[in-house]
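What follows is the residue order along each chain.
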Amino acid sequence: MFDFKYYTPTKVVFGKNTESKVAELIKEFGGTKVLIHYGGGSVVRSGLLKRVTDTLDAAGISYVSLGGAVPNPHLGLVYEGIELCKKENVDFLLAVGGGSAIDSAKAIGYGLANEGDVWDFYDYKRKATGCMPLGVILTIAATGSEMSDSSVITKEEGLVKRGYSSDFARPKFAIMNPELTMTLPDYQTACGCTDIMMHTMERYFTQGGNMEITDALAEGLLRTVKKNAVILRDDPKNYEARAEVMWAGSLAHNGLTGCGNDGGDWMTHKLEHELGGLYDVAHGAGLAAIWGTWARYVYKNCLPRFKKFALNVMEVENTGSDEEIALRGIEAMEDFYRSINMPTNLRELGVNPTEEELALMAKKCAVGVGGEMGSARVLNEADMLAIYKASV
Ligand code: NZQ
Ligand code: ZN
């Protein structure tokens, strides 16, 4: 068991109609002039944005709005947001949407609280010393950005997708009303469930330091999301299932399911980030497309964990050798992806890279992780290329 720090300062307000609390929460955290930041328009179409602005109007809180955060959010809009906030003297950021709007808001927050180019943080050139306070109204259960320290931004030039993490960017509050996720396309719901599970799996497939309590939480979370993803496939308006998945999304990425381990593997995420940067695929679908190949590539180096996963999460039969059980678990996971219409290779993801593009992704991935990375198995550029090739 490793020593650990666990820091989750986000105030969670969970349940039906909780978005009506937004003005009082902004006031509680000292906001007087707000930037409302959102995505491509789902919050306009659903009427949520209007409800939010009505609530702020009634409370006498002034605001400016900036939409347009696309999935795999762009640096250009971050710069635009920083300029707008400076001009309007904004002192609080409100992201209304999913991981893309939240991450874009976090990047704007870094740009406002620090001098110089905000991309420097994502380019690992220097560390942020602060972030403007930020609140969230979540509309998709997926990334866990509503409680996480991370933000992932894509620089248009060179299509470089990078994450930056610091406690400064953890949201002050997160409003989570599961009903708000009911307008999601089925594909996005499934992508979200995949991402949630992956955040815990990244922390699970490690070489050491595991705690019984952490494993129990992780395995329980994984079983819960697996079960409820299938319920939502058949019954997308099921409130209880929406709620289970939404809360799991936050717990999967706020650090809870990694306490005591060695920090996690994270290579499936790193490999996916190159796919997202280059082909603009949905993050969850990209993860599903790469995970099985990654798992087969590394499982022998992390056999006890793959066996435990197979038995306790995928609930496969406990017969045969450890390797057979581990492989059965990987196959069961891929069957689960197929059952919720997620891809299990790049072709099914709709991506058909050339040899040059595969090599480029491996190279960018290796640069992005500083040469090599992984816990289940440490991967270098040659390994990354082998996984990309095998996942076509
Ligand atoms: O943009 P709008 O119009 O809002 O539509 C979005 C978007 O098309 C739509 N959507 C969201 N809520 C909806 C809805 N449509 C109808 N009804 C609703 N209630 O769904 C699509 C996806 O939204 P997005 O915010 O892009 O999804 P997600 O939350 O999956 O975020 C993905 C981004 O987060 C990054 C990913 O790499 C990707 O860039 N990640 C961020 C992390 C973090 N900050 O901790 C960790 C993750 O591993 C991940 O890398
Ligand atoms: Zn993710």
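Here is what the cut-offs are and how they apply
- Residues numbered from 1 in each chain as written.
- Chains lettered and ligands numbered in written order.
- Predicted model: local features only at pLDDT ≥ 70, side-chain atom pairs only at ≥ 80, totals over all residues.
- Heavy atoms only, no water.
- Axes fitted to C-alpha atoms, helices over the stretch in contact; angles between N-to-C directions.
- Helix = DSSP H or I, 4+ residues; strand = E, 2+ residues; numbered from the N terminus.
- Parallel < 35°, antiparallel > 145°, perpendicular 65-115°, else oblique.
- Left-handed = near helix turned anticlockwise from the far one by under 90°.
- Contact = heavy atoms within 4.5 Å.
- Nonpolar A, V, L, I, M, F, W, Y, C, P; charged D, E, K, R; others polar.
- Core = buried A, V, L, I, M, F, W, Y, C linked by side-chain atoms within 4.5 Å.
- Buried < 20%, exposed > 50% of the residue type's maximum accessible area, 1.4 Å probe, protein only.
- Phe/Tyr/Trp six-rings, centres within 6.5 Å; stacked < 30°, edge-to-face > 60°.
- Lys NZ or Arg CZ within 6 Å of the ring centre and 35° of its normal.
- Pairing = 2+ DSSP bridges.

Asker: I tried to follow the packing of helix α4 (residues 75-88) against helix α5 (residues 99-113) on my own but got confused; where do I start?
Answerer: The angle between the axes and the distance between the axes are what describe a pair of packed helices. At a minimum axis distance of 9 Å, the contact between α4 and α5 shows a crossing angle of 55°. Regarding the angle of α4 to α5, the classification is oblique. Of the two elements, α4 crosses α5, and the hand of that crossing is right-handed. Facing Leu 77, Val 78, Gly 81, Ile 82, Cys 85 and Lys 86 of α4, the residues of α5 in contact are Ser 104, Ala 107, Ile 108, Gly 111 and Leu 112. Partitioned by chemical class, the residues of the contact of α4 with α5 number seven nonpolar, three polar and one charged.

Asker: Please clarify how the nonpolar core should be interpreted in this entry.
Answerer: The nonpolar side chains of a soluble globular protein tend to be buried, and buried together. Counting residues in hydrophobic clusters, the biggest one holds 100 residues, and the most contacted among them are Met 201, Trp 291, Trp 294, Phe 306 and Phe 309. The leading source of residues in this core is helix α11 (residues 283-298), at nine residues. Aside from chain neighbours lying at most four places away, what touches Trp 291 is Met 198, Met 201, Phe 205, Thr 268, Phe 306, Phe 309, Ile 330, Met 333 and Tyr 337. In terms of nonpolar packing, the next biggest core, distinct from the first, is built from 21 residues, Val 13, Leu 56, Ile 137 and Leu 180 among them.

Asker: Is there a simple way to think about the packing of aromatic side chains in this case?
Answerer: Each aromatic ring pair is summarised here by two numbers: the centre-to-centre distance and the angle between the ring planes. Under the counting rule described, the total for this entry stands at 19 aromatic pairs. Plain terms: the ring middles of Trp 119 and Tyr 122 are 5.8 Å apart, the flat faces sit at 15° to each other, and that makes the pair stacked. Pair noted here: Trp 119 and Tyr 122 are both in helix α6 (residues 119-122), with a separation of three residues, about one helical turn. No difference in accessibility class separates Trp 119 from Tyr 122, as the two residues are buried. Note that Lys 16 overlies the ring of Tyr 239, its terminal NZ or CZ placed 4.5 Å from the centroid. Its end group placed over the ring of Tyr 204, Arg 305 keeps NZ or CZ at 4.3 Å from the ring centre.

Asker: What exactly am I supposed to notice about the sheet that holds strand β3 (residues 62-66) here?
Answerer: Through backbone hydrogen bonds, the strands of a sheet pair up, either in parallel or in antiparallel fashion. Reading across the sheet, the six strands line up as β1-β8-β5-β4-β2-β3 and stay open at both edges, with parallel pairing between neighbours. Among the strands making up the open sheet, the edge pair consists of β1 (11-14) and β3. Between one strand axis and the next, the sheet turns by 20° as a mean value, whatever way the strands run. Running at roughly 175° to strand β2 (residues 33-38), helix α3 (residues 48-59) makes contact with β2, β3, β4 (92-97) and β5 (134-138) of the sheet. Of the strands in this sheet, β2, β3 and β4 touch α4, which is tilted by about 160° from β3.

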